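Structure at a glance
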Amino acid sequence: MQYEIRIDGLMSETLIGSFPELEHVMISGQTVLYGPLVDEAHLYGLLARFQSLGLHVVELRRLPE
C-alpha cells in the first residue's frame, strides 16, 4: 500500500533522515513524504514517530495502486 503524508512546514535533512523508508518532496510550505507502508503496524509506528519528533501531520492518504 502506497501512502502520502503531508507535514506542516519544511523538514530538515536530519528530520527527513528519520524516515529512510519514505521519499520526500517540498511543496509550498509542506513536506510530502510518500512510499510503501507494509501494514497497519507500520502506519501507526510512523504516526508515533511524527508525534515524538513534534511534527504536525496535516494529511494522510492512501494512494491508488
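Preceding this section is the structure that the text describes.
Note that the coordinates shown come from a computational prediction; the quantities given were computed from them, not determined experimentally.

1. Concerning helix H2 (residues 40–52)
For H2, spanning 13 residues, the distance from its first C-alpha to its last is 18 Å, which sits close to the expected 18 Å at 1.5 Å a residue. Within H2, burial applies to His42, Leu43, Leu46 and Phe50. The buried residues of H2 occupy an angular sector of 100° when projected down its axis, which confines them to one face. Exposed side chains of H2 directed beyond 90 degrees from the buried face belong to Glu40, Ala41, Tyr44, Gln51 and Ser52. For H2, the elements touching its buried residues are strand E1 (2–8), strand E3 (30–36) and strand E4 (57–63).

2. Brief notes about the packing of aromatic side chains
Taken as a whole, this structure holds 1 aromatic pair when the rule is applied. For the pair Phe19 and Phe50, a centre-to-centre distance of 4.6 Å together with 25° between the ring planes defines the contact as stacked. Here Phe19, found in the loop between helix H1 (13–16) and strand E2 (23–27), pairs with Phe50, found in helix H2; they are 31 residues apart in sequence, far enough to count as distant.

3. A word on the pattern of salt bridges
Oppositely charged side chains may form a pair once their charged atoms are brought near each other. On inspection of all chains with the given rule, the structure shows 5 salt bridges. Between Arg61 and Glu4 there is a salt bridge, and its shortest N-O distance comes to 3.3 Å. Taken together, the positions of Arg61 in strand E4 and Glu4 in strand E1 put the pair 57 residues apart, joining distant regions of the chain. Among the residues examined, Glu4 registers a relative accessible area of 11% and is labelled buried. Salt-bridge contacts for Glu59 lead to Arg61; the nearest nitrogen and oxygen are separated by 4.0 Å. Taking relative accessible area as the criterion, Arg61 reaches 37% and is therefore assigned partly exposed.

Cut-offs used in this document
- Residues numbered from 1 in each chain as written.
- Predicted model: local features only at pLDDT ≥ 70, side-chain atom pairs only at ≥ 80, totals over all residues.
- Heavy atoms only, no water.
- Helix = DSSP H or I, 4+ residues; strand = E, 2+ residues; numbered from the N terminus.
- Expected span 1.5 Å × (residues − 1).
- Buried < 20%, exposed > 50% of the residue type's maximum accessible area, 1.4 Å probe, protein only.
- Arc of directions from axis to C-beta.
- Contact = heavy atoms within 4.5 Å.
- Phe/Tyr/Trp six-rings, centres within 6.5 Å; stacked < 30°, edge-to-face > 60°.
- Salt bridge = Lys/Arg side-chain N within 4 Å of Asp/Glu carboxyl O.

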